[in-house]
Every structure is written in structure tokens, then in C-alpha cells.
Amino acid sequence: MLLLGIDIGTSSIKVSVVEAATQKVIASAQYPDTESPIIAVKPGWAEQSPEMWWDNVQTAIGLCHKNGNYTPTDISAIGIGYQMHGLVLIDKEQKVLRNSIIWCDSRAVEIGDKAFAAIGEKECLEHLLNSPGNFTAAKLAWVKQNEPAVYEKIDKIMLPGDFIAMRFTGQITTSTSALSEGIFFDFINNRLSNEVLEYFGFDKALFPEVKPVFSVHGQLLPAIAEKLRLKTNTPVAYKAGDQPNNALSLNVLNPGEVAATAGTSGVIYGVSDKLAYDPQSRVNTFAHVNYTEQQKRLGVLLCINGTGSLNRWIKSLFGSTVSYLQMNNEAAKAPVGSDGLLMLPFGNGAERMLNNKIVGANIHHIDLNLHTQAHLFRAVQEGIAFAFRYGLDIMRSNGMNPTVIRAGKNNLFLSELFTQSFVNITGIPVELYKNDGSAGAALGAGIGANIFSSPKEAFEHFHPIQLVEPSGQQLEPVYQEWKALLEKELTD
């Protein structure tokens, strides 16, 4: 029995086929080879075409089938992980009304800030666990204010994973986890937030049917099944935002367990059983994949917008002829602290952990007679590690004190230099696993379709491949200098 997992990333789509009995990935594919475009009509804007995602999903599944290690019709369930907070709008014919306003778009910051003040900071934090900030609700309000003709045609709003599930099945559903990431969910009253809907003037009819994350969200349409060489009526049995899904892929489901990712964005995601919040909403709390009204499981999320995206940008400018592996090797030639070269990695929109300020990416202390390409590559990876430390200190001030962090050995965690810098500056060991979001989505589908009797069974063969512990490298003085530069930027 096989499971298909799909990860709808900002840069590309990845799919994996997992054997349920062993939980091993037997085939995977990624598309496109180059990074998917982000449409930025104005500074701070970021959009993508949902139909592009759907086209790329179909192509990636076809590429996976070419592996030849399995029979496509043996796939028994489909799971979807997706980039969080994106706004997708469809009409009554299920046609897309405009490009998706994605997670790193900053246009709605002021709208969210006004809502925070008008609804009441205490009300928002106690009921929503977050400020409306720059999340999906504020993005929808922007459309209502600025594109009223589009808004009037909306039949349903959804998150990116809801849209892909709709394309598979024709059915439109959402979940408590998805509603919470959009800042539409009232945790105290366990329902859509009347306060948010009333303030923005949103009709409840815009929201899809709410189902558990682990459940059948629809079954594969005959025409889609034939096109993709899959079985008709195969269930889509799991949908979750990329960070809750990444946590699932690392078996992070219980209070105190913590996961990290460093892909396009960087995230530390810890599970709590308390309806807690950061008073400044610098870190955010959403319903985790296993959240229920009876057994509350919350994901406390620190996000840094520009991690892998910064590494990619530096590569495009200074390392276009080398691979990421060669960049990592070159970076290791520079000394710890990069001989004073410091990078602030905040060039991908408004940063939540910096109170939604747009700081930009900054390179400091360039010495034209000293610094080389190796220094620059290292300063980027150290700067990203420092940003994680800065955010982790905010999480610690809110009661999240991890003793170990789990991460997939992919993206920036493929770099020994970055991983060791991350461990050294946070002081927390990292367990590395051979898993990713697409494999996690496949396992989630197995749970949702009752192929596994429990999440525990889905991870019975799950073990770390490497443990990285703090070494004697002295990064703290460098970090304190970096922090002083950041705080100067924040006050200027």
C-alpha cells in the first residue's frame, strides 16, 4: 500500500511516494528545476498563480511516476502540505479570480495593525492568539478595499492546500488549523471569530466546510485520476500548512517537542498544550495538525522570511557558476565570524518577529582588501543562524525552552557550517532526520485514511541519522555585535 505526499512550496512542488508498511520513500520528484516566479508588481508585494501550482503538481506527479519503482494505482491516499497564509479566491464555477497573495506579501500590514487596535489587543491575543498582522484575513480585507469587483465575485476563500485539494476532488474544505493560520479562528469559543468577521465585514458563507486535518477531504475525480494514472476515488486525506506539516514529518506532535526548517524561509516550531501568546505577536500560535477542542495542541511558530531565499540570492549574484555544496565548502574556508563581515538576512518582506517592520537585507563592515567570496558565503549562513537565535530568545521569553531541536537534513541543514553555527549560537543540539514535507504529507494521508491506526504507528521506523551538538566555537561575541546592528536598524 502506497501513499502520495505533495509539498506546495514557494520555490517548487515536491512529491514523494511512501510505502506505508515501512514508511520509506520509494520515489520522489521536484518541479520546476528553476525556482517558481514570485510576482512583485510593487515593492513589498508577492503573488503566485494558483493554476501554476496545479500545473506543477501534475507535472511533478508525472515525473515521480517515471521512477518506475511502483504502480501508480497502488497509491491509496493523498496528502498535501502547502505554503502557509496564502489567499486563494474562487467563484461559483471554481475559477480563480486573481493571483494568490502569498505569505511574504507585505501590503496588508497596516490593515492588520488597524484591526488589532480596533478589535482590541487583549481580545485578539486571548481569542485569536495573534494580532491580525499580515495574515490571510488582512490580505482578504485588502482585496475587499482595493478590488471590490473581484471581492463581489468570491464564492469561497481558501488556503493554497485547499485549492489543490479542490482541483483533485471538486470538493472544498478547510480545517481549524487552516482557519487559525489565516487568523479567522476564535480559540476560546472554538468557532470562526465573529469579531474578525464583523470588523472586516466578511460573510460566513465565504468559508468552506471545516473538517479535521486528518480526514477525507474529497475523493479523486475520474478525469483527474485518469490523467494522473491514479485510482478514481482515491481520498485526499490530509492537508496542513508547511510548518505544521514539517513538524508532523519530524514526529513533533506532543508538548515540548520542537522542529526547525531552513528552506525559503526559516522556522522554529514548538508544540504546546496551552492557549498562550506573545504579547507583541512576534511569534505566532496556530492550531497544530492534531488540535482538537478536547486535546489542545498548539504550534508556536517563529518565522524568518529570508533564509534559503537569501542564500539563493547570494548564489545568483556571486556564485552562479558553483553549486550549493561548493558554496558551503567555500564558506568553510573563512574563519568563524567571517573576519567581521556581518549580514542581516531580512530582505523578504515584513518580519513578524521584528514587529512587522521591513528592515531589508544588509551587509556590514565590508573590507575591500580583506573579504573574499568565502567570507560573504559564510557571513550569510552565520547571519541566518543569528536570526534564528534572536527569534529563539523571543520564544524562550514566552516559555518555550527546547532541549533538542529536530530538523530534516535538507536545504540549509545540508550545510555542516550552517548546522554547526545554528547549534553553537542557540546552544541546543539538533537531531537530523532523512525526511521532508512531501514525505510527511504522505504519512499524514495514511493517518487521515486510517491506513495507520495512530500517528505513533506512522512513525514506528523513524530514527535520527545524525546528532549535532555544540562545539567550542565562540560565536557569542559576534552575535552580540550582529544584534546591536539589528537593533540600530530597528530604531533608525
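Quick note: structure is the one above.
Anyway, here's the lowdown on the structure attached to this text.

## Section: the sheet that holds strand β2 (residues 13-19)
- Strand order in the open sheet made by the 5 strands is β3-β2-β1-β5-β13, with mixed pairing throughout. Looking along the sheet, the strands with just one partner apiece sit at the ends: β3 (24-31) and β13 (236-241). The average angle at which neighbouring strand axes cross in this sheet is 15°, direction not considered.
- As paired strands, β2 and β3 are joined by 7 bridges and run antiparallel to one another. Opposite serine 16, over in β3, you have serine 28 as the bridge partner.
- Its contacts with the sheet place helix α1 (residues 50-65) against β1 (2-8), β2, β3 and β5 (75-82), and it is angled at close to 135° to β3.
- Sheet contacts for helix α6 (residues 160-169): β1, β5 and β13; angle to β5, the most-contacted strand, approximately 150°.

## Describing the sheet that holds strand β15 (residues 266-272)
- Read across the open sheet, the 7 strands follow the order β16-β17-β15-β14-β20-β21-β22; overall the sheet is mixed. Bordering the open sheet on either side are β16 (284-287) and β22 (466-468), each of which pairs with just one other strand. Each strand axis lies, on average, 30° off the axis of its neighbour in the sheet, ignoring direction.
- Inspection of the sheet shows strand β21 (residues 430-433) paired to β22 by 3 bridges, in the antiparallel sense. For valine 430, the partnering residue across the bridge sits in β22 and is valine 468.
- Set on the sheet, helix α10 (residues 242-249) makes contact with β14 (258-262), β15 and β17 (298-304); between it and β14 the angle comes to about 120°.

## Some words on the packing of α10 against helix α15 (residues 437-448)
- At their nearest, the axes of α10 and α15 sit 8 Å apart, and the two run at 80° to each other. Looking at the two axes, α10 sits roughly perpendicular to α15. Taking contact as the criterion, the partners of Asn245, Leu248 and Ser249 in α10 are, on α15, Gly437, Gly440, Ala441, Gly444 and Ile447.
- Here the contact of α10 with α15 is built from residues that sort into 3 nonpolar, 5 polar and no charged.

## Overview of the side chain of asparagine 246
- Tracing the chain through its elements places asparagine 246 in helix α10.
- Beyond its immediate stretch of four places on either side in the chain, asparagine 246 contacts Ala259, Ala260 and Thr261.

## Describing the environment of valine 300
- Checked against the element boundaries, valine 300 lands in strand β17.
- Judged by relative accessible area, valine 300 falls into the buried class, the value being 13%.
- Once residues lying within four places of it in the same chain are set aside, the contact partners of valine 300 are Ile268, Tyr269, Gly270, Ser272, Val283, Asn284, Thr285, Met395 and Met400.

## Quick notes on the layout of surface pockets
- Estimates place the volume of the second largest pocket at around 270 Å³.
- In this structure, the second largest pocket is lined by 17 residues; those nearest its centre are Pro212, Val213, Val289, Tyr291 and Thr292.

## Details of the nonpolar core
- Membership of the largest hydrophobic core comes to 72 residues, with the highest contact counts inside it found for Leu140, Ile157, Phe184, Phe202, Phe207 and Tyr238.
- Residues Ala262, Leu302, Leu376 and Val478 belong to the second largest nonpolar core, which totals 54 residues.

## Quick notes on the pattern of salt bridges
- Overall, the coordinates contain 21 salt bridges when judged by the stated rule.
- Between arginine 107 and glutamate 47 there is a salt bridge whose closest N-O contact spans 2.8 Å. Highlighted residues: arginine 107 in the loop between β7 (100-101) and α2 (109-119) and glutamate 47 in strand β4 (residues 47-48), separated in sequence by 60 residues.
- Taking the shortest distance from any N to any O, the salt bridge between glutamate 51 and arginine 167 comes out at 2.6 Å. Taken together, the positions of glutamate 51 in helix α1 and arginine 167 in helix α6 put the pair 116 residues apart, joining distant regions of the chain.

## Observations regarding unusual backbone geometry
- Following tyrosine 31, the chain continues to proline 32 via a peptide bond in cis, the omega torsion being 0°.
- With respect to the secondary-structure elements, proline 32 resides in the loop between β3 and β4.
- Positive phi, close to 75°, is recorded for asparagine 233, a residue that is not glycine.
- Along the chain, asparagine 233 turns up in the loop between α9 (222-228) and β13.
- Take asparagine 233: its relative accessible area is 44%, and that puts it in the partly exposed class.
- Positive phi, close to 50°, is recorded for aspartate 339, a residue that is not glycine.
- Among the structural elements, aspartate 339 can be located in the loop between α12 (324-331) and β18 (342-346).

## Remarks on the packing of aromatic side chains
- Counted according to the given criterion, the structure contains 22 aromatic pairs.
- Ring centres of tryptophan 45 and tryptophan 142 lie 5.3 Å apart, and the angle between their planes is 80°; on these two criteria the pair is classed as edge-to-face. Residue tryptophan 45 is found in the loop between β3 and β4, and its partner tryptophan 142 is found in helix α4 (residues 136-146); the two are separated by 97 residues along the sequence. Exposure class is identical for tryptophan 45 and tryptophan 142. Each is buried.
- For the pair tyrosine 479 and tryptophan 482, a centre-to-centre distance of 5.8 Å together with 25° between the ring planes defines the contact as stacked. Taken together, the positions of tyrosine 479 and tryptophan 482, both in helix α17 (residues 476-491) and 3 residues apart, correspond to about one turn of that helix. The residues tyrosine 479 and tryptophan 482 share a single accessibility class, namely buried.
- Pairwise contacts between aromatic rings join Phe184, Tyr199, Phe200, Phe202 and Phe207 into one cluster.
- Lying over the aromatic face of tryptophan 142, arginine 107 brings its terminal NZ or CZ to 4.5 Å of the ring centre.
- Its guanidinium or amino end placed over the ring of tyrosine 324, lysine 315 lies 5.3 Å from that ring's centre, counting from NZ or CZ.

Cut-off values and rules
- Residues numbered from 1 in each chain as written.
- Predicted model: local features only at pLDDT ≥ 70, side-chain atom pairs only at ≥ 80, totals over all residues.
- Heavy atoms only, no water.
- Pairing = 2+ DSSP bridges.
- Helix = DSSP H or I, 4+ residues; strand = E, 2+ residues; numbered from the N terminus.
- Axes fitted to C-alpha atoms, helices over the stretch in contact; angles between N-to-C directions.
- Contact = heavy atoms within 4.5 Å.
- Parallel < 35°, antiparallel > 145°, perpendicular 65-115°, else oblique.
- Nonpolar A, V, L, I, M, F, W, Y, C, P; charged D, E, K, R; others polar.
- Buried < 20%, exposed > 50% of the residue type's maximum accessible area, 1.4 Å probe, protein only.
- 1 Å grid on protein atoms, 1.4 Å probe; cavity = no way out; pocket = protein on both sides within 12 Å on 5 of 7 lines; lining within 4 Å.
- Points joined across faces, edges and corners; volume = space filled by probe spheres on them.
- Core = buried A, V, L, I, M, F, W, Y, C linked by side-chain atoms within 4.5 Å.
- Salt bridge = Lys/Arg side-chain N within 4 Å of Asp/Glu carboxyl O.
- Phe/Tyr/Trp six-rings, centres within 6.5 Å; stacked < 30°, edge-to-face > 60°.
- Lys NZ or Arg CZ within 6 Å of the ring centre and 35° of its normal.

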